[in-house]
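# Structural overview for review
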Amino acid sequence: MADDGMLMNFSIADTVIKPEAKFKGGTWRDRLVAKKRLAHRGSEKDPKDAAARNATSKNPNQIQIGPRPAKRQRTEESSHRSGGDRRPHQTPRDPRHFVSSLFTSNPEPRNAEEPKAEGEQEDAKPTNAPLIDGLDTFTNLGLSPNLAAHLLTKLELKAPTAIQKSSIGQLMKEESDAFIQAETGSGKTLAYLLPLVQRIMDLSKVTKEHNDNQVHRDSGLFAIVLAPTRELCKQISVVLENILRCANWLVCGTVIGGEKKKSEKARLRKGLNILVATPGRLADHLDNTEALDVSNVRWLVLDEGDRLMDMGFEEELQGIVKKLDARQRPSRVPGVPTRRTTILCSATLKMNVQKLGEISLKDAVHIKADPEDEDENAPKKDEEDSFRVPAQLKQSYAIVAPKLRLVSLTAYLKRTFIRKGSVMKAIVFMSCADSVDFHFELFSRNQDREQQKKDEEEGDKEKPDEKEELSPHGTIAPGRAFSNPGNPVLLHRLHGSLPQNVRTATLGSFSRSTEACVMICTDVAARGLDLPNVDLVVEYDPAFSSDDHTHRIGRTARVGRDGRALIFLQPGCEENYVEILKRGYRDGGKALTRTDANEILKRGFGSNDSRKKNWEEKTTDWQMDVERWALENPEYLEMARRAYQSHVRAYATHIAAERSMFNIKELHLGHLAKSFALRDRPGKINVPGLRPGQEDTKKDFKAARNGAAGTKRKAGAEDKAPGTTDLDDAARKMRAKMRENMAGASEFNLA
Ligand SMILES: Nc1ncnc2c1ncn2[C@@H]1O[C@H](COP(=O)(O)OP(=O)(O)OP(=O)(O)O)[C@@H](O)[C@H]1O
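Residues numbered from 1 in each chain as written. Predicted model: local features only at pLDDT ≥ 70, side-chain atom pairs only at ≥ 80, totals over all residues. Heavy atoms only, no water.

### A look at helix α18 (residues 546-553)
Burial runs high along α18: eight of the eight residues are buried. Along α18, the residues classified as buried are S546, D547, D548, H549, T550, H551, R552 and I553. (Buried < 20%, exposed > 50% of the residue type's maximum accessible area, 1.4 Å probe, protein only. Helix = DSSP H or I, 4+ residues; strand = E, 2+ residues; numbered from the N terminus.)

### Structural notes on the site of the ligand
Taken together, the neighbourhood of the ligand is formed by 21 residues, with A159, Q164, K188, T189 and D530 sitting nearest. Here an oxygen atom of the ligand sits 3.0 Å away from a polar atom, N or O, in the main chain of S186. Contact distances for the ligand include 2.6 Å between an oxygen atom and a side-chain N or O atom of T189. Relative to its unbound accessible area of 640 Å², the ligand is 85% covered by the protein chains. No other element matches the three residues that helix α7 (residues 188-209) contributes to the shell around the ligand. (Near = heavy atom within 4 Å. Polar contact = N/O pair within 3.5 Å; in protein donor to acceptor, adjacent residues only side chain to side chain. Areas by Shrake-Rupley, 256 points an atom, 1.4 Å probe, with all protein chains shown as cover.)

### Section: the packing of helix α20 (residues 597-605) against helix α21 (residues 615-632)
Between α20 and α21, whose axes approach to 9 Å, the crossing angle comes to 80 degrees. One finds that α20 runs roughly perpendicular with respect to α21. Between α20 and α21, the contacting residues are N598, L601, K602 and F605 on the first element and W615, K618, T619 and W622 on the second. (Axes fitted to C-alpha atoms, helices over the stretch in contact; angles between N-to-C directions. Parallel < 35°, antiparallel > 145°, perpendicular 65-115°, else oblique. Contact = heavy atoms within 4.5 Å.)

### Focus on the sheet that holds strand β17 (residues 592-594)
Here eight strands make up an open sheet; going across it, the order is β12-β13-β14-β11-β15-β16-β10-β17 and the pairing mixed. In the strand order of this sheet, the two ends are held by β12 (476-478) and β17, each with one partner. Pairwise comparison of adjacent strand axes, ignoring direction, gives a mean angle of 20 degrees for this sheet. Taken together, the five bridges between strand β11 (residues 425-429) and strand β15 (residues 534-539) define a ladder with parallel strand orientation. The partner of I427 across the bridge, within β15, is V537. (Pairing = 2+ DSSP bridges.)

### A few points about the domain arrangement of the protein
In terms of domain boundaries, the protein breaks down into domain 1 (138-371) and domain 2 (393-450 + 471-650). Distance between the C-alpha centres of domain 1 and domain 2: 36 Å. Facing the 17 residues of domain 1 at the interface are 17 residues of domain 2. When domain 1 packs against domain 2, the two sides together hide about 1600 Å² of surface, and 46% of this comes from carbon and sulfur. Here domain 1 and domain 2 share four salt bridges between them. (Domains from an automatic or database assignment. Buried area = accessible area lost by both parts, 1.4 Å probe. Salt bridge = Lys/Arg side-chain N within 4 Å of Asp/Glu carboxyl O.)

### With respect to the sheet that holds strand β2 (residues 223-226)
Pairing in this open sheet of seven strands is parallel, and the strands run β3-β4-β2-β5-β6-β1-β9 from one edge to the other. The outermost strands of the open sheet, each flanked by one partner alone, are β3 (252-255) and β9 (365-368). Taking the axes of each pair of neighbouring strands and ignoring which way they run, one obtains an average angle of 20 degrees across the sheet. Sheet topology note: the β3/strand β4 (residues 274-277) ladder contains four bridges and is parallel. From the neighbouring strand, T254 faces β4, where its bridge partner is V276. Along the sheet face, helix α6 (residues 162-173) touches β1 (178-181), β6 (341-346) and β9 and points at about 150 degrees away from the line of β9.

In structure tokens form, the structure reads like this:
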């Protein structure tokens with residue numbers, strides 16, 4: 001397969017992109033033949049030859065195979081006539097712009113499965129809730145009455161969850177390495193922290209028996225917990241500090257970067273018993289901080305272990321493990337085990353590996369929450385690679401045509417927040433930071449254009465900008481696109497290209513908020529984060545791997561609570577992803593339903609008042625309005641173009657095994673541009689260089705890109721999975737070519 005074929009799907013240069021004629025009717029085979037014939041005809045020198053060939057060709061369905069008559073350039077006026085908006089417009093015409101109607105030429109879903117009405121999903125018993133049968137208590141599992149009482153009275157934890165039951169029992173008595181794998185939101189953090197803390201607390205008993213002082217902060221560093229993001233490290237450290245309140249002679253700390261190394265060094269010098277760290281920062285301290293003595297480390301926990309193994313941390317991890325091995329010494333503290341135990345923990349851990357790079361897992365025990373996983377209902381071979389989602393999580397998917405994506409997301413969120421209190425918090429996942437930034441601007445824009453103009457004319461500089469008031473960093477704003485007077489919604493944005501202090505402040509605000517709020521983010525928030533009251537997760541852009549999907553939707557339906565998730569898929573090959581969604585459920589997916597795409601628009605933009613415009617007209621009006629908004633503001637127009645460009649590039653980075661479902665060749669770039677409020681033809685969209693303000697965070701970005709984006713999906717892109725095809729090769733070559741050819745093309749801004 002030629003590279004050019006792949007390149008044609010990207011907005012690289014006019015010379016590369018040629019418009020293709022579209023064929024309608026007949027079978028797909030007829031359309032393919034017709035398309036090939038046209039391509040061939042284009043290259044024919046002798047028209048007579050061509051005519052002769054056409055005459056003899058087979059065309060059983062007699063579909064029209066000639067190229068369409070040249071399209072009349074549509075203007076905003078003509079589009080309004082067909083689309084419903086009859087208002088005169090003020091935007092000047094630009095020959096490079098193209099205004100298409102929202103509701104014409106949209107591809108239909110291939111699968112005609114009947115969508116279920118909202119609320120028709122069956123309720124299922126939660127699978128990640130605490131075990132409240134009264135039989136399982138923390139003390140029964142071997143925790144001391146002191147620690148169990150602390151959990152009950154101070155942390156309000158009455159009973160363990162299933163994974164805590166399995167892991168505490170195991171890790172309290174055994175020295176073997178372990179894999180802890182259980183659903184999202186099932187309490188895995190405490191599943192490894194509780195036995196670890198208990199065993200370190202127990203060292204004090206032994207030292208007392210030896211007439212020594214009890215263990216204290218200078219006795220040594222016994223455990224290191226590694227996690228892939230700073231946010232996750234902070235979260236783990238807060239949980240740890242809360243537990244250690246009942247053992248105040250033990251001290252924990254973090255080294256996670258983003259703050260001065262000097263203060264981290266000072267903390268290490270004072271002495272810590274448990275350290276929570278990101279791999280990069282720990283590696284740095286192991287090389288440069290003498291005060292960091294790791295000779296006593298006997299527990300190494302890799303939280304989100306699968307991520308740590310595959311997202312570009314490999315080298316750092318290998319270095320860390322080598323140094324821990326080399327520096328390990330017999331401990332002076334009685335009762336400290338002789339060998340180090342390694343524990344890997346994740347909701348998506350493949351537990352059939354005994355050696356991961358330099359990390360040898362000796363006879364590792366597989367700790368699972370659910371003993372049923374071992375019985376005859378265990379997943380069949382082809383399902384082994386998929387992971388369960390909490391059974392009570394109600395998932396749905398909507399097959400949305402590319403042109404209708406933006407209006408559908410808006411309509412869905414409008415509907416979601418129509419009544420106060422029905423949904424508190426929602427997270428919307430997008431594929432790249434540029435897209436997050438653009439949608440944040442779009443959804444928070446002042447829709448009252450008259451008022452906006454008046455303010456501008458009056459030069460109303462005194463009035464503080466509402467956005468600035470809400471957040472000095474510009475990451476929190478009113479979500480005007482889906483707020484209503486009875487239920488104002490607060491909008492947040494989060495991605496890895498923001499400076500760390502902004503990330504922390506934004507996440508903190510979203511977490512603490514008691515108002516209805518939406519967070520638009522990249523996968524930086526997909527893993528491990530335990531954000532309270534998230535009722536809904538929307539995957540506007542599907543995750544780059546089904547494992548990431550499991551983590552994203554796991555931000556809701558935690559510890560037995562209800563939760564909803566919606567994923568946007570496009571008609572065509574993306575519909576095959578539904579099979580992957582079904583595999584997440586033990587019962588084949590009764591809690592998975594299809595939401596009708598038209599119904600989303602009707603409910604979001606429609607009204608019961610028959611005198612008012614119908615939903616199609618209102619939807620078109622809204623779309624036209626945002627297109628004009630982008631056109632009239634050069635800053636927003638550039639954001640839209642960047643977002644579109646980064647989105648298309650990011651689309652090419654789905655993992656190899658899933659690329660047949662997210663086939664870049666099937667993307668309709670022109671239609672997609674409309675969902676970024678753009679009227680440009682795809683070939684005209686090329687925004688070079690870094691986005692404004694990015695220089696400040698270039699360092700952060702590089703780290704994030706090397707980690708989260710590039711190397712993570714390198715696993716998919718470069719390890720040729722069984723069954724990969726020419727298409728994968730072509731896509732890979734194309735990605736390499738893009739990196740070479742385009743200024744800033746490797747800049748996906750994914751994290
Ligand atoms: N035994 C328990 N009883 C009640 N709540 C619990 C219990 N154990 C943990 N929790 C709470 O459950 C929430 C989720 O825990 P945690 O973040 O450890 O889940 P997880 O399995 O690691 O999720 P993820 O896979 O998404 O990282 C936390 O708010 C925690 O306080």
